[in-house]
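Here's the letter readout for the chains.
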Amino acid sequence: MSSSTCGGRNELCHGRGPAWPDDTASTAIIGQLQADKAKELWQADGTAVSGDVDYRHVYINMSNYQVSGSKWTRAGVTCAPAMGFSFAAGTTDGPGAFDFTQGDVNGSSPFWRIVRDFISPPSPEQQACHAPKPILLNTGYIKLPYPWQPAITEMSVLRLGNI
């Protein structure tokens, strides 16, 4: 599947849970299944948890974070947040609108590029940093009436004994 369209339109795409079209009932069923499994695991024989409990918490400015290269990622520096054209296509939890599709790496709609540039035009550096994602909303630089998207995010690590 190369895009999020259903029958050529993203507005027709909706996730389907076990009680579809009743999303509330689907949520209740899925929640109950998770609770039942958690209870089953809690009551099952297994290795007792022992040892220290430890916790670390930090705030990280993700708009200028040095990333080391590894077999999973390339080395580089992150940049201020921005939302791409694919974001506007929505997800299976809720469709987008208009002519957006997931997987759009061209930002091919001239109309939406004009709207973007009117709100907050991304710089060439910002566009290069987010490539290949074309920027629809340059949210990291929009501050009125308040910041549209945080650059500083929390990160936590929890250790539970011998787990």
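Residues numbered from 1 in each chain as written. Predicted model: local features only at pLDDT ≥ 70, side-chain atom pairs only at ≥ 80, totals over all residues. Heavy atoms only, no water.

Undergrad: Looking at this structure, how should I read the overall build of the chain?
TA: In terms of helices and strands, the chain carries three helices and eight strands. Starting at the N terminus and walking to the C terminus, you meet the elements of the chain as α-β-β-β-β-β-β-α-α-β-β. The globule rule puts the C-alpha radius of gyration for 163 residues at 15 Å, and the 21 Å found for the chain is more than 25% above it. Along the first, second and third principal axes, the C-alpha set of the chain runs to 60 × 45 × 35 Å. Counting the 163 residues in the chain, one finds 21% classified as buried. Considering only intrachain contacts with a sequence separation of at least 6, the fraction spanning at least 24 residues in the chain is 60%. With the model as given, the accessible surface of the chain reaches about 12000 Å², and the carbon-plus-sulfur share is 59%. Averaged over its 12 positive side-chain charges, the chain has a centre that lies 6 Å from the centre of its 14 negative ones. (Helix = DSSP H or I, 4+ residues; strand = E, 2+ residues; numbered from the N terminus. Rg over C-alpha atoms; globule rule 2.2 N^0.38 Å. Buried < 20%, exposed > 50% of the residue type's maximum accessible area, 1.4 Å probe, protein only. Contact = heavy atoms within 4.5 Å. Areas by Shrake-Rupley, 256 points an atom, 1.4 Å probe, with all protein chains shown as cover. Lys, Arg positive; Asp, Glu negative; His and termini not counted. Charge placed at Lys NZ, Arg CZ, Asp CG, Glu CD.)

Undergrad: How do you make sense of the side chain of Asn 138 when you look at a structure like this?
TA: Here Asn 138 is to be found in the loop between β7 (135-137) and β8 (152-160). Judged by relative accessible area, which is 3%, Asn 138 ranks as buried. Other than its neighbours up to four places away in sequence, Asn 138 contacts Pro 81, Ala 82, Ser 120, Pro 121, Pro 122 and Gln 126.

Undergrad: When you look at the environment of Ser 50 in this model, what are you seeing that I'm missing?
TA: Among the structural elements, Ser 50 can be located in the loop between α1 (23-43) and β1 (53-61). By relative accessible area, which is 45% here, Ser 50 ends up partly exposed. Residues in contact with Ser 50, not counting those within four places in the same chain, are Gly 161 and Asn 162.

Undergrad: Could you clarify how one ought to interpret the packing of aromatic side chains in this entry?
TA: Aromatic ring pairs are reported here in terms of the distance separating the ring centres and the angle at which the planes meet. The final tally for this structure, using the stated rule, is one aromatic pair. Ring geometry for Phe 111 against Trp 112: centres 4.8 Å apart, planes inclined by 75 degrees, an arrangement best described as edge-to-face. (Phe/Tyr/Trp six-rings, centres within 6.5 Å; stacked < 30°, edge-to-face > 60°.)

Undergrad: How should a nonpolar patch on the surface be read in this particular structure?
TA: On the surface, a nonpolar cluster with roughly 650 Å² of combined accessible area is contributed by Val 49, Val 53, Tyr 55, Leu 158, Leu 160 and Ile 163. Looking at the nonpolar patch, the elements with two or more residues in it are β1 and β8. Inspection of the secondary structure assignment puts Ile 163 in the segment after β8. Judged by its relative accessible area of 70%, Ile 163 is exposed. (Patch = residues over 30% accessible without salt bridge, like charges linked within 9 Å, V, L, I, M, F, W, Y side chains within 5 Å. Salt bridge = Lys/Arg side-chain N within 4 Å of Asp/Glu carboxyl O.)

Undergrad: Can you walk me through the pattern of salt bridges in this structure?
TA: Under the criterion given, the structure shown has three salt bridges. Measuring nitrogen to oxygen at the nearest pair gives 2.8 Å for the salt bridge that ties Asp 54 to Arg 56. With relative accessibility at 26%, the residue Asp 54 sits in the partly exposed group. On the accessibility criterion, Arg 56 (55% relative accessible area) is exposed. Here Arg 116 ties to Asp 117 by a salt bridge, and the two come within 2.8 Å at their closest N and O atoms. Given a relative accessible area of 10%, Arg 116 falls into the buried group. A relative accessible area of 36% places Asp 117 in the partly exposed class.

Undergrad: Just to check I follow, could you spell out unusual backbone geometry for this structure?
TA: Backbone phi values are negative for most residues with the exception of glycine, while trans is the configuration of most peptide bonds. Cis rather than trans, the peptide bond between Trp 20 and Pro 21 has omega equal to 15 degrees. Along the polypeptide, Pro 21 turns up in the segment before α1. A cis amide bond links Leu 144 to the next residue, Pro 145, at an omega of 0 degrees. By the element assignment, Pro 145 lies in the loop between β7 and β8.

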